[in-house]
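Chain by chain, the residues:
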Amino acid sequence: MNKYENLNVVVCNSGVEQIWDVEEDTCYVTYALNGRNSKILSIIRKAWLKYRLPAKEIWYNKKVLELEGKGVLLDDDITEDYAAWLIRNNRKIQWNFYYWNLYEHYRIAPDTLRRLGYCLWSFDPNNCKQFSLKFNPTFFCKSWYRGLKKITHPTYDIVFIGRDKNGRMKQIKDLKERFKSYDISWNLYFTANKWYRRFCSKEYKPYLNFYKMLEQEMSAKAILDFSQDMQSSITCRVYDALYNERKVITNNVDIRKMNYYSPDNIFILDYDDDTRLEGFLKTPFKTISWELLREHSCERWSRVICEGKSYTLNC
């Protein structure tokens, strides 16, 4: 599948499925569960698996048992029962488990996965140190942006599209208030953290599919990347911005360690002077070479998993 090795990626979560609906030559994607194309079946399936009803294996996609080579199971919506079933029934693969999100107690614990036989990875350096995981940072796929309409004159200065995780909506609204005296226009689009919380606030908007989200992001000169507390990793929003020649505004000071970092393109909240922001938004984007961005591509991510060694950034 690629010049290194065929990497099989097993995905469960419907939101992540959109991200993995890609045309890359670095990995082969298989969906873990049946019924993903039906909302009704998805609701029934989630309840069935959550309450561990009998015959749960009817929901498991048996195609994963035919995979060979090396594989990685993503954390979103994966249950301990499924992780155990997969590694027990397909021993033709060297299985890895990737924490696409910060590890939290409601997810499968690292020690549990190690006992099952998985090699563990995370996108976040702090999580890697805390739980002895291998590091492989978030990536982007060139195919995400294929066909994305090029907007040369954005309508807004700053855009944020995302879920209201851990009170993030209030934090970003406070940030907007902080810069209210500046001549800056905002496009803020918040969705509920869980679909059933949508009706808890009139400010929550409908979920956007992945490509609609990208279109919204291109509406502004800069994309706001607002990381959660304790998160030291880079998110996909940064790559959405830089690949499409949009600037980045972030609260993640660790972005200075990245090889593409430039104060011309990246403004760090509470590190850079607030008075610099207005001028930052008015200056043109400074082009980044493909060789620098390639170091953060799906190709690199797949290669690191196949080689089995923690990633070291070449800055």
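Q: So what exactly am I meant to see when it comes to the pairing of strand β7 (residues 156–163) here?
A: Where a strand is regular, its side chains alternate between the two sheet faces. Within β7, six of the eight residues are buried, which leaves the element mostly enclosed by the surrounding structure. Relative to strand β9 (residues 220–225), β7 runs parallel, the two sharing three bridges. Within β9, the residue paired with Val159 across the bridge is Ile223. Across six bridges, β7 lies against strand β8 (residues 186–191) in parallel orientation. Note that in β8 the partner of Arg163 across the bridge is Thr191. Crossover connection from β7 via helix α6 (residues 168–178) to parallel β8: handedness right-handed.

Q: I would appreciate a short explanation of the pattern of salt bridges in the present structure.
A: Two side chains carrying opposite charge are able to pair once their charged atoms lie near each other. Scanning the model with the defined rule gives 15 salt bridges in all. In this structure, Lys173 engages Glu203 in a salt bridge whose closest nitrogen and oxygen atoms are separated by 2.9 Å. Note that Lys173 is positioned in helix α6 and Glu203 in the loop between β8 and α7 (210–217), a separation of 30 residues in sequence. Since its relative accessible area comes to 35%, Lys173 is described here as partly exposed. The closest approach of N and O atoms between Lys282 and Glu278, which form a salt bridge, is 3.9 Å. One end of the pair, Lys282, and the other, Glu278, are both in helix α9 (residues 277–282), four residues apart, so they sit about a helical turn from each other.

Q: So what exactly am I meant to see when it comes to the sheet that holds strand β3 (residues 69–74) here?
A: As a general point, the strands of a sheet are linked pairwise by backbone hydrogen bonds and lie either parallel or antiparallel. Read across the open sheet, the six strands follow the order β2-β1-β3-β4-β5-β6; overall the sheet is parallel. Edge positions in the sheet fall to β2 (28–31) and β6 (134–135), since each has one partner strand and no second. Where strand β5 (residues 119–122) and β6 come together, two bridges link them in parallel fashion. For Trp121, the partnering residue across the bridge sits in β6 and is Lys134. Its contacts with the sheet put helix α3 (residues 80–89) on β1 (7–11), β3 and β4 (93–99), and the angle it makes with β3 is roughly 175°. On top of the sheet, helix α11 (residues 298–307) reaches β1, β3, β4, β5 and β6; it is set at about 105° to β1, its chief contact.

Q: What is the right way to read the sheet that holds β9 from this model?
A: Read from one edge to the other, the open sheet built from five strands follows the order β8-β7-β9-β10-β11, with strand pairing classed as parallel. Bordering the open sheet on either side are β8 and β11 (266–268), each of which pairs with just one other strand. Sheet twist, expressed as the mean angle between neighbouring strand axes with direction ignored, is 20°. Bridge count between strand β10 (residues 247–250) and β11: three bridges; the pairing is parallel. In the sheet register, Thr250 faces β11, and the bridge partner there is Ile268. α6 contacts β7, β8 and β9 of the sheet and is inclined by roughly 170° relative to β8.

Conventions adopted
- Residues numbered from 1 in each chain as written.
- Predicted model: local features only at pLDDT ≥ 70, side-chain atom pairs only at ≥ 80, totals over all residues.
- Heavy atoms only, no water.
- Buried < 20%, exposed > 50% of the residue type's maximum accessible area, 1.4 Å probe, protein only.
- Helix = DSSP H or I, 4+ residues; strand = E, 2+ residues; numbered from the N terminus.
- Pairing = 2+ DSSP bridges.
- Right-handed = clockwise from strand over helix to strand, strands pointing away.
- Salt bridge = Lys/Arg side-chain N within 4 Å of Asp/Glu carboxyl O.
- Contact = heavy atoms within 4.5 Å.
- Axes fitted to C-alpha atoms, helices over the stretch in contact; angles between N-to-C directions.

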